[in-house]
Amino acid sequence: MVSVERKQGANPFRSMDWYMLLVLLAIHAIGLVVLYSVAAQMGSPGMFIKQLVAVGIGLVAMTAMLLFDYKDFRVLGFLAWGGTTFLLLLVLVVGHGLEEVGTNGWLDIGPVSMQPSEFAKISLVLVAAFWFERIREKPTWLNHLLLLGFSGLPIGLILLQPDFGTSMVCIFVFVSMLFVWGFKYRWILAGLGVTAAAAIPVWVYVLPKVLDEYQMLRLLSFVNPAAYSKDAAYQVRMAIRAIGSGQATVDLSRDYAANWVPASQTDMIFSALGEKLGFYGAALTVLLFGLFLLRCIQVAYQARDRFGSYATIGLAAIFMAHFLENVGMNLGLMPVTGIPLPFISAGGTSVVAYDLAAGILLGISMRRKIGPYEG
């Protein structure tokens, strides 16, 4: 039976993973510096103030997560899953969004606007980690079906918004956890083969019927950017130019990204970062994210049980997917989607969600050598 456990023994805060915490705080600091400059140049100081408040709330939420033994999330994860699934259903009824974004993924709760899908990714990881561990112990068909049901429902609801970028992140997270769980390589290779074989028919017959016009233009501009340099590929072209103008030096007064790159404070924040902090600043940011992800792999390896390992890999996969997609689309290496750069892009919901996820990761790390109380 699943239950919230009681703990005893040494104070787990003595085992704080200072390495991971300092890396996270350094990324936060870079994000605030870049966003402060962008907000000032856009004449929108309120945007930075909102971000600063969100970071404060996020850090409080991160600290709160440390108070729980991560195994408590065997129960709390299902509660979070139920709450976020309800909000995802509510989004389909009363959600709103920007016309140019093409997704109604936001809810107004009083004066605050939030995006439930950001929190749904975390609850998906916790619930999937529970079922992956349960299947390892009892590999019944019922447990397999429950894993697919609990994982597939939120992904399907996000697709209905429609938010293909976030849904692809969720699928990437699930596949990453499946890989670590021990899915046979031959099935993975077979899946890749089927995907490759179906790519052309899907591109020709399925995508034009499923995707909106602006989404198809994004894909077409990625495949052939020269043909769409003045419309669909304009954003990426300006982003690459802004990154190149940064050269090697730091200069926060550069304002090309703020004035000429659409969504330079959110989706295209890496263009502003590369412009203002130069090559070395951008390289430092990439290095910090790399160190953070490597640390997550180490924490997953050292976790005291399978649940902790699976949850760590799932949460790390969220950060990895966002980082690779955001930096990639700013450099023209990935199709443009509404995927923010963790801890750096403007957006209160995403910042708080990232800090919540980071708090769970820190909790798993700091308790990797502390056993539950069995009394």
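Here goes a summary of the coordinates provided. Position labels on residues start from 1 in each chain and follow its written sequence. Whole-chain, interface and lining totals are the exception, using all residues; otherwise, since this is a predicted model, local features are given only for residues with pLDDT of at least 70 and side-chain atom pairs are given and counted only at 80 or more. Hydrogens and water molecules were not included; the side-chain quantities draw on all heavy atoms of the structure.

## Thoughts on the overall build of the protein
Moving on, step 1. For helices the rule is a DSSP run of H or I covering at least 4 residues; for strands it is a run of E covering at least 2, with both sets numbered from the N terminus onward. Assigned secondary structure in the protein consists of 13 helices and 2 strands.
Moving on, step 2. Relative to its full complement of 375 residues, the protein shows a buried share of 48%.
Moving on, step 3. We get accessible surface area from the Shrake-Rupley algorithm with a probe of 1.4 Å; when it comes to residues, only the shown protein chains can shield them. When the accessible area of the protein is evaluated, it comes to approximately 18,100 Å², of which 69% is carbon and sulfur surface. The rule is simple: take the accessible area with a 1.4 Å probe, protein chains only, and divide by the maximum for that residue type; under 20% is buried, over 50% is exposed, in between is partly exposed.

## Focus on unusual backbone geometry
Moving on, step 1. Cis geometry is adopted by the peptide bond preceding Pro 162, which originates at Gln 161 and carries an omega value of -5 degrees.
Moving on, step 2. Structurally, Pro 162 is set in the loop between α5 (141-159) and α6 (164-181).
Moving on, step 3. If you check the backbone angles, Phe 343 has positive phi at about 70 degrees while not being a glycine.
Moving on, step 4. Inspection of the secondary structure assignment puts Phe 343 in the loop between α12 (306-330) and α13 (348-366).

## A few points about the packing of α12 against α13
When two helices pack together, their arrangement is given by the angle between the helix axes and the distance between those axes.
Moving on, step 1. With their axes 10 Å apart at the nearest point, α12 and α13 run at an angle of 145 degrees to one another. The interaxial crossing formed by α12 with α13 has left-handed handedness. Contact residues: Gly 308, Ala 311, Thr 312, Leu 315, Phe 319 and His 322 in α12; Tyr 354, Ala 357, Ala 358, Ile 360, Leu 361 and Ile 364 in α13.
Moving on, step 2. Under the convention adopted here, Pro, Cys and the residues Ala, Val, Leu, Ile, Met, Phe, Trp and Tyr are nonpolar, Asp, Glu, Lys and Arg are charged, and Gly plus all remaining residues are polar. The residue makeup of the contact of α12 with α13, split by class, is 9 nonpolar, 3 polar and no charged. To obtain each axis, a line is fitted to C-alpha atoms, and for helices this fit is confined to the stretch in contact; angles are then taken between N-to-C directions over 0 to 180 degrees. Note: crossing handedness is left-handed where the near helix turns anticlockwise from the far helix by less than a right angle, and right-handed where it turns clockwise. We call two residues in contact when some of their heavy atoms are within 4.5 Å.

## Quick word on the packing of aromatic side chains
Moving on, step 1. The aromatic pairing rule takes the rings of Phe, Tyr and Trp, using the six-membered ring of Trp, and pairs them if the centres are within 6.5 Å, calling planes under 30 degrees apart stacked, those over 60 edge-to-face and the rest tilted. Tallied over the full model, the rule gives 18 aromatic pairs.
Moving on, step 2. Between Tyr 70 and Phe 307, the ring centres sit 6.4 Å apart and the planes meet at 5 degrees, which makes this aromatic pair stacked. With a gap of 237 residues between them, Tyr 70 in the loop between α2 (45-65) and α3 (73-94) and Phe 307 in helix α12 connect regions that are remote in the sequence.
Moving on, step 3. With centroids separated by 5.9 Å and ring planes inclined at 45 degrees, the aromatic side chains of Phe 319 and Tyr 354 adopt a geometry described as tilted. Pair noted here: Phe 319 is in helix α12 and Tyr 354 is in helix α13, with a separation of 35 residues, a long-range link.
Moving on, step 4. Here the aromatic residues Phe 78, Trp 81, Phe 130, Trp 131 and Phe 150 are joined through ring pairs into a cluster of three or more.
Moving on, step 5. Looking at Arg 74, its charged tip hangs above the ring of Phe 307, at a distance of 5.2 Å from the centre. In this scheme, the term charge over a ring applies when either NZ of a lysine or CZ of an arginine sits within 6 Å of the ring centre and within 35 degrees of the ring normal.

## Concerning the nonpolar core
Moving on, step 1. Working definition of a nonpolar core: buried Ala, Val, Leu, Ile, Met, Phe, Trp, Tyr and Cys residues. They are joined through side-chain atoms within 4.5 Å. Of all hydrophobic cores here, the largest spans 96 residues; its most connected members are Phe 132 and Phe 292.
Moving on, step 2. Excluding residues within four positions of it along the chain, Phe 292 makes contact with Met 20, Val 23, Leu 24, Phe 319 and Leu 361.
Moving on, step 3. Formed by 7 residues, the second largest nonpolar core is a distinct cluster that contains Leu 88, Leu 124, Ile 155 and Ile 158.

## Here we look at α2
Residues that lie three or four places apart on an α-helix share one face, since the helix turns once every 3.6 residues.
Moving on, step 1. Here α2 contains 21 residues, and its C-alpha end-to-end distance of 30 Å stays within 8% of the 30 Å for a straight helix at 1.5 Å per residue.
Moving on, step 2. Buried within α2 we find Met 47, Phe 48, Gln 51, Ala 54, Val 55, Gly 58, Ala 61, Met 62 and Met 65. Looking straight down α2, one finds its buried side chains confined to an arc of 135 degrees; they lie on one side. In this structure, α2 carries Pro 45, Ile 49 and Val 60 as exposed residues pointing more than 90 degrees from its buried face.
Moving on, step 3. Considering only its buried residues, α2 is in contact with α1 (18-41), α3 and α13. Multiplying 1.5 Å by the helix residue count minus one yields the expected span of that helix. Throughout, the arc means the angular range of directions from the helix axis out to the C-beta atoms.

## Quick look at the packing of helix α11 (residues 269-302) against α12
Moving on, step 1. It is the contact of α11 with α12, at a shortest axis distance of 10 Å, that shows an interaxial angle of 160 degrees. With respect to α12, the element α11 is oriented roughly antiparallel. Of the two elements, α11 crosses α12, and the hand of that crossing is left-handed. Contact with α11, carried on its side by Ile 269, Phe 270, Ser 271, Val 286, Phe 289, Phe 292, Leu 293, Cys 296, Val 299 and Ala 300, involves Ser 309, Thr 312, Ile 313, Ala 316, Phe 319, Met 320, Phe 323, Asn 326, Val 327 and Asn 330 of α12 and no other residues of that element. Any angle between 65 and 115 degrees counts as roughly perpendicular, while under 35 counts as roughly parallel, over 145 as roughly antiparallel, and the rest as oblique.

## Looking at the pattern of salt bridges
Moving on, step 1. Counted as salt bridges are all cases of a side-chain nitrogen of Lys or Arg within 4 Å of a carboxyl oxygen of Asp or Glu. Per the stated rule, a full pass over the model turns up 5 salt bridges.
Moving on, step 2. Note that Arg 295 is salt-bridged to Asp 17, the shortest N-O span being 2.9 Å. You can see Arg 295 sitting in helix α11 and its partner Asp 17 sitting in the segment before α1, a full 278 residues away along the chain.
Moving on, step 3. According to the relative accessible area criterion, Arg 295 is buried, its value standing at 15%.
Moving on, step 4. Residue class for Asp 17 comes out buried when judged on its relative accessible area of 3%.

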